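Here are the chains, one letter per residue:
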Amino acid sequence: MSQGRFAAGFLVPGALWLVLLFAVPLGIVLAISFGTTDDLGNTLYGWYPENYEQVFDPVFLPVLARSVGFALATVALCLLIGYPVAYYIAIFGGRWKHVLVAMVVLPFFVNYLVRTYAWIAMLGDEGVVNGALGADIKFINTPWAVIGGLVYGYLVFMILPLYAALDRMDPALIEAGKDLYGSPWHTFRNVTLPHTIQGVLAGTVLVFLPAVGDFVAAQLLGGPDSYMVGNLIQQQFFAAENWPFGAALTTVLMAFLFVWMVLYLRSAAREATAE
Amino acid sequence: MKPPKDFDRPRFLKAFTALFFVFLFAPIVLVVLFSFNSSKSLQNFDGFSLRWYEQFFGSESLRDSLAASVQIALVTMVVATIIGTLLAYGLVRSRTRWSGGLNVLMLVPLVTPEIVAGVSALLVFTQVGLQLSLTTIILGHITFSISYVTVVVRARLAALGLDVEEAAMDLGATRLDTFRLITLPAVWPAILASGLLVFALSFDDFVMSFFTTGESPQPLPVRIWSAIRFGVTPTINAIGTFMLAVSVLTIGLAIALPRLLGRRESGVGVLFGREAA
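All residue numbers refer to position in the chain's written sequence, counted from 1. Here the convention is simple: chains get letters from A, ligands get numbers from 1, in the order in which they are written. It should be noted that, the model being predicted, local features are given only for residues of pLDDT at least 70 and side-chain atom pairs only at 80 or more, the latter also being counted only at that level, while totals for whole chains, interfaces and linings use all residues. Only hydrogens and water are set aside; all other atoms, that is, all heavy atoms of the structure, feed into the side-chain values.

Student: In this structure, what is going on with the interface of chain B and chain A? I would like to understand it.
Tutor: Contact between two residues is taken to exist if any of their heavy atoms lie within 4.5 Å; hydrogens are not considered. Between chain B and chain A, the contact holds 91 residues from the first and 90 residues from the second. The salt bridge criterion pairs a side-chain nitrogen of Lys or Arg with a carboxyl oxygen of Asp or Glu, the two atoms within 4 Å. Summed over the shared surface of chain B and chain A, the number is zero salt bridges. Side-chain atoms alone can form a polar contact between residues adjacent in sequence; in general such a contact is a pair of N or O atoms within 3.5 Å, and within protein one must be able to donate a hydrogen while the other accepts it. In this assembly, chain B and chain A are joined by seven residue pairs in polar contact (both at pLDDT 80 or more). In terms of residue class, the side of chain B that touches chain A is built from 67 nonpolar, 16 polar and eight charged. Residues were grouped as follows: Ala, Val, Leu, Ile, Met, Phe, Trp, Tyr, Cys and Pro as nonpolar; Asp, Glu, Lys and Arg as charged; and all remaining residues, including Gly, as polar.

Student: Any chance you could explain unusual backbone geometry here in plain terms?
Tutor: Phi is mostly negative for residues that are not glycine, and the peptide bonds are mostly trans. B:Pro217 follows B:Ser216 through a cis peptide bond whose omega is 0 degrees. Here a strand is any run of E in DSSP of at least two residues, a helix any run of H or I of at least four, and the numbering for each starts at the N terminus. Within the secondary structure, B:Pro217 sits in the loop between α10 (207-212) and α11 (220-230). A positive phi angle, close to 55 degrees, is found at A:Glu241, a residue other than glycine. Tracing the backbone shows A:Glu241 in the loop between α13 (229-238) and α14 (243-274).

Student: Please clarify how the confidence of the model for chain A should be interpreted in this entry.
Tutor: The predicted coordinates should not be examined in detail at positions where pLDDT is low. Per-residue confidence for chain A gives a mean pLDDT of 88, with 97% of residues at or over 70. Along the chain, pLDDT gives the predictor's confidence residue by residue, from 0 to 100. Confidence, expressed as mean pLDDT per element, reaches its minimum in chain A at helix α9 (residues 171-179) of chain A with 76 and its maximum at helix α2 (residues 11-33) of chain A with 96.

Student: How should the packing of α9(A) against helix α10 (residues 184-195) of chain A be read in this particular structure?
Tutor: All names here are of chain A. Between α9 and α10, the least distance of the axes is 9 Å, while the angle of their chain directions is 150 degrees. The angle between α9 and α10 falls in the class roughly antiparallel. Along this stretch, α9 crosses α10, giving a crossing that reads as right-handed. For the pair α9 and α10, contact is made by Leu-173, Ile-174, Gly-177 and Lys-178 and by Pro-184, Thr-187, Val-191, Thr-192 and His-195, respectively. Residues of the contact of α9 with α10, tallied by class, amount to four nonpolar, four polar and one charged. Axis definition: a line fit to C-alpha positions, over the contact stretch in the case of helices; interaxial angles, taken between N-to-C directions, run 0 to 180 degrees. Should an angle lie under 35 degrees it is considered roughly parallel, over 145 roughly antiparallel, and from 65 to 115 roughly perpendicular; all remaining angles are considered oblique. Left-handed is the label given to a crossing in which the near helix is rotated counterclockwise from the far helix by less than a right angle, and right-handed is the label when the rotation is clockwise.

Here it is, written out as structure tokens:
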């Protein structure tokens, strides 16, 4: 028995688990998305493409567009905030580097619900900021509150790959750029950014994917006017009891994200082989 | 040669990063602080008290939820770590015609939005007639956890190289002995660290739990969700602070682990190194 055959046996439990509890369930979502419900709300299999027509109905289309818009805005803000922070930690962190990275990661381990709820306590109508200012500023229940919550929730996924890319880069390259009389902006655009573009792409995908499917931020910080596709899906399973429509929404979401996932997985695979 | 001036003194960057950390931690400090508030107010701190913790631990149903969360996280940790480690070993040391596809299948859960994973888990469990309970939550958690373990352990295995294992086998060790006595101990820090990471992720998970939970007991995050929707109460601050403490201890342990085991590598590197990105 060769080493490879011996090791191949180790694949079996994981392969079975992922096929039976991840791949097959996705297939079931697809099957049910073409189903319907009987009078009691039970799910029946069948061929009802109407579920998909409903997804693109003018009533629901704005929700899909809003989800993508919110997620893109989240990505943009995460890049704007995350790049300088990752840059500072990677280039100037010195012996505090690991501590600073740990500090970036730490809040991620505060429960997402509690973190979101903390913003209500901070910025709510009865919150600390309005109390301290004696003001009555409406922060919560606006689209920006939802985007802010998403940024706060997923920023770590942007900073980590950016940090990894910047940390890998030789700082001498930046110095060389400046020695050649490049302005800071030119050095950034022509040297630093191209060298860290993999990190930018990874962070973009890693933030976009969870943000577009999120329903917590919109429910807690927004309100029905800012509902995203995640809220719509959640409602189909827990309020409307229209599982086939919920499954169709989930399938459309997954299909839309598929391109992003493939892009990310390909670059991750390329990176793995490059090392 | 001296580097140019503005490279030397990144004042703007420093201020920006400092401000970033203030924003990052402000809400969390607030939650922790007000979990010890003696009054119900979320605006004024009226003195230290443990009354919200008494309310948390005094409630039998919340205690049941805490026990459920711990039980889910422990079982998930053990099963996902075993399966994930075996998968990592298989992916690094074998070349079957399934390996490429399996590698992709292993990575997809990491980039699948939680709501998609939650919906698929709910549908598969109801289709096979499985009653929603702690068991279904655990099955769901293991599914998204395996990949984390595999990615972290695989990076260590790849770094280990083949020569040590080949040396052991040249000296007469069987394949199983080599795996047990050489490979496993060498990647032990990565296995334990990823296991602790899985514990923290499972303990904190809301979305998968929300879609797969039964009536009772429900894990803590699901309880927090119901509570928040009824309004803001200081007990949530106490639960949140407690969960924060559990997560920080778990992750702190994961980071300190390689040192505790007498290794040179850093736990931050093992968990969040470039291999994991």
